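# Working through the structure, step by step
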Amino acid sequence: MTGARLLVDTGAIERNTCLFAGLVPGELMAVVKADGYGAGAARVARAALASGATRLGVTSIAEALALRDAGVSAPILSWLNTVDADFGAAVMLDVELAVPGVAHLDAIGRAAQALGRRARVHLQVDCGMAREGCPRELWPQLLGFAAAARSRGEIEVVGVMGHLSSADEPFDQTNRRERDRFAHALRLARTAGFRAAVPHLAATAATLTQGAAHHGMVRVGAGLVGIDPTGTHRLDGALTLEAQIVDVREVGPGTPVGYGHGWLAERPTRLALVAAGYADGVPRALDPAAAVFLHGVRRRIVGRVSMDQIVVDLGGLDAAPGEYVTVFGPGLRGEPTVGEWAAWCGTIPNEIVTGIGPRVERVAQTSSTREAIGAAR
Ligand SMILES: *Cc1c(COP(=O)(O)O)cnc(C)c1O
């Protein structure tokens, strides 16, 4: 245990889930990959399933099996696996699988046949990212092989999925082009006989801003913990990272701080040593404006971020060892948000939250309303 903890507000996750469920006509899949965006996969899954989500999505089979181990029985889809993955375990535990090509289809079909069961699969088409999913030119061939595997009793096709490259820019014309490609791939799938398959294309950004991408289901991850990549909605921030003050010292002008003496005190000041470093998710590549929140004010991080610690310039502020500083939070009290941290680090909020290290204790809390969070502090 270190002196850093991540407070996870399950009430905020529930409110965000309700908002998403209310936006779409079809089903809501809660995406809880990367340990539920740092918040704890099973915890986020339970909160989301209690508030309108009907399915779960993860990257790997291992993540799906961990949810089963935690007692989660809802349908789970795993969409990125190597061909030698344990498809047998997935089929045994009712984990649905994305199929991006014939090699995966074969491996999944063999695993299902060996168990005498049908694998539930989602055919996955690449709508223009040259990333996961079947290249469009190979799609008709994949549909043919999938139809054969279905008639052999190996698979049941329960979904057709795609993904958008530029949904965080709602006005980018690429969105329309990729939606059209998905619609075309879907028509081909229907023609090939996969009429019952649920189409799904949108993640958080397209769910918030592109009704035409909603189809029968949406897959929302970042939005559940309060990240809106489009900046168009007010979601509830669910994550607060706090770290404890280890020590406070007075220093004179010219005192160097940290590795490489990355900062020199210009005047007499007070420094707090705080127990969170880059191993805990405070990125080393940081803008000098980066600050933490203490006693209602922001105080800058000075010197380089170390693996386990940072130094904060308290100025005239008094603080005692053992007190917690807020690294980021929902922003209701004036504390930095995940979005500000992302800007300070030249990245997106998703990378900040999934970068929170494993030794940071996760503590679940529940706020009943947005206002309650602010008032309680
Ligand atoms: C991560 C992921 C999502 C969820 O994306 P968010 O932007 O976090 O909502 C949806 N679909 C796929 C295929 C993903 O990899």
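What counts, and where the lines are drawn
- Residues numbered from 1 in each chain as written.
- Predicted model: local features only at pLDDT ≥ 70, side-chain atom pairs only at ≥ 80, totals over all residues.
- Heavy atoms only, no water.
- 1 Å grid on protein atoms, 1.4 Å probe; cavity = no way out; pocket = protein on both sides within 12 Å on 5 of 7 lines; lining within 4 Å.
- Points joined across faces, edges and corners; volume = space filled by probe spheres on them.
- Helix = DSSP H or I, 4+ residues; strand = E, 2+ residues; numbered from the N terminus.
- Nonpolar A, V, L, I, M, F, W, Y, C, P; charged D, E, K, R; others polar.
- Contact = heavy atoms within 4.5 Å.
- Axes fitted to C-alpha atoms, helices over the stretch in contact; angles between N-to-C directions.
- Parallel < 35°, antiparallel > 145°, perpendicular 65-115°, else oblique.
- Left-handed = near helix turned anticlockwise from the far one by under 90°.
- Buried < 20%, exposed > 50% of the residue type's maximum accessible area, 1.4 Å probe, protein only.
- Pairing = 2+ DSSP bridges.
- Phe/Tyr/Trp six-rings, centres within 6.5 Å; stacked < 30°, edge-to-face > 60°.
- Near = heavy atom within 4 Å.
- Polar contact = N/O pair within 3.5 Å; in protein donor to acceptor, adjacent residues only side chain to side chain.
- pLDDT = per-residue confidence, 0-100.

## Digging into the layout of surface pockets
What the second largest pocket holds in volume is close to 270 Å³. For the lining of the second largest pocket, the element with the highest residue contribution is strand 10 (residues 239-251), accounting for 4 residues. Split by residue class, the lining of the second largest pocket holds 11 nonpolar, 5 polar and 3 charged.

## Here's the deal with the environment of Val 8
Relative to the helices and strands, Val 8 resides in strand 1 (residues 4-9). Distance in space between the C-alpha atoms of Val 8 and Ser 367 is 9.9 Å, their sequence separation being 359 residues. Those residues in contact with Val 8, other than ones at most four positions away along the chain, are Ile 13, Ala 39, Arg 43, Ala 238, Leu 239, Arg 362, Val 363, Ala 364 and Gln 365.

## What about the packing of helix 7 (residues 139-151) against helix 8 (residues 174-191)?
It is the contact of helix 7 with helix 8, at a shortest axis distance of 10 Å, that shows an interaxial angle of 30 degrees. In this view, helix 7 runs roughly parallel relative to helix 8, as classed from their interaxial angle. The two elements helix 7 and helix 8 cross, and the hand of that crossing is right-handed. Between helix 7, through Trp 139, Pro 140 and Leu 143, and helix 8, the contact on the second element is made entirely by Ala 185, Leu 188 and Ala 189. Taken together, the residues that form the contact of helix 7 with helix 8 break down as 6 nonpolar, no polar and no charged.

## A closer look at empty space enclosed by the protein
On inspection of all chains with the given rule, the structure shows 1 cavity of 30 Å³ or more. Size it by volume and the largest cavity reaches roughly 50 Å³. Taken together, Gln 124, Val 125, Asp 126, Cys 127, Met 129, Glu 132, Met 161, Gly 162 and His 163 form the lining of the largest cavity. By residue class, the composition of the lining of the largest cavity is 4 nonpolar, 3 polar and 2 charged.

## Description of unusual backbone geometry
We note that Asp 94 has phi near 60 degrees; this positive angle belongs to a residue other than glycine. Owing to a relative accessible area of 46%, Asp 94 belongs among the partly exposed residues under this scheme. Positive phi outside glycine occurs at His 295, with the angle close to 50 degrees. Inspection of the secondary structure puts His 295 in the loop between strand 14 (291-294) and strand 15 (297-302). Looking at His 295, the relative accessible area reads 46%, which means it is partly exposed.

## Quick look at the pairing of strand 1
Burial analysis of strand 1 places 5 of its 6 residues in the buried class, the great majority of the element. Bridge count between strand 1 and strand 10: 5 bridges; the pairing is antiparallel. Its bridge partner being in strand 10, Leu 7 is matched across the sheet by Thr 240. Pairing of strand 1 with strand 18 (residues 361-365) involves 5 bridges; the strand directions are parallel.

## Description of the packing of aromatic side chains
Inspection of every chain in the model, using the stated rule, returns 1 aromatic pair. Relative to Trp 344, the ring of Trp 341 has its centre 5.3 Å away and its plane inclined at 75 degrees; by these criteria the two rings are edge-to-face. Linking Trp 341 with Trp 344, this pair stays in helix 10 (residues 338-344), spanning 3 residues, or about one helical turn. With respect to class, Trp 341 is no different from Trp 344; both count as buried.

## Some words on the site of the ligand
Lining the immediate environment of the ligand, one finds Val 31, Lys 33, Tyr 37, Trp 79, Glu 132, His 163, Ala 203, Thr 204, Arg 219, Val 220, Gly 221 and Ala 222. The backbone of Gly 221 places a nitrogen or oxygen atom 2.9 Å from an oxygen atom of the ligand. The contact in question runs from an oxygen atom of the ligand to an N or O atom on the backbone of Ala 222, over 2.8 Å. Elements supplying a minimum of two residues to the shell around the ligand: helix 2 (33-37) and strand 9 (217-220). The class makeup of the residues in the shell around the ligand is 6 nonpolar, 3 polar and 3 charged.

## Things to note about the environment of Arg 298
Turning to its location among the elements, Arg 298 is positioned in strand 15. Classification of Arg 298 by relative accessible area gives partly exposed; the value is 33%. Sequence separation of Arg 298 and Val 246 is 52 residues, and the distance between their C-alpha atoms is 18 Å. When residues no more than four places from it in sequence are discounted, the contact partners of Arg 298 are Ala 291, Val 292, Phe 293, Gly 334, Glu 335, Pro 336, Glu 340 and Trp 344. Here Gly 334 takes part through its backbone oxygen, which lies 3.0 Å from a polar atom of the side chain of Arg 298.

## Some points on the confidence of the model for the protein
In this model, the protein carries a mean pLDDT of 96, and residues with pLDDT of at least 70 account for 97%. Below pLDDT 50 for its whole length, residues 372-377 participates in 11 contacts with residues either more than four positions away or in separate chains.

## Description of the packing of helix 1 (residues 10-23) against helix 3 (residues 41-49)
One can describe the packing of helix 1 onto helix 3 by two numbers: an axis separation of 8 Å at closest approach and a directional angle of 50 degrees. Taken together, the axis directions place helix 1 and helix 3 in an arrangement best described as oblique. Crossing of helix 1 over helix 3 shows right-handed handedness. Between helix 1, through Thr 10, Ile 13, Glu 14 and Thr 17, and helix 3, the contact on the second element is made entirely by Arg 43, Val 44, Ala 47 and Ala 48.

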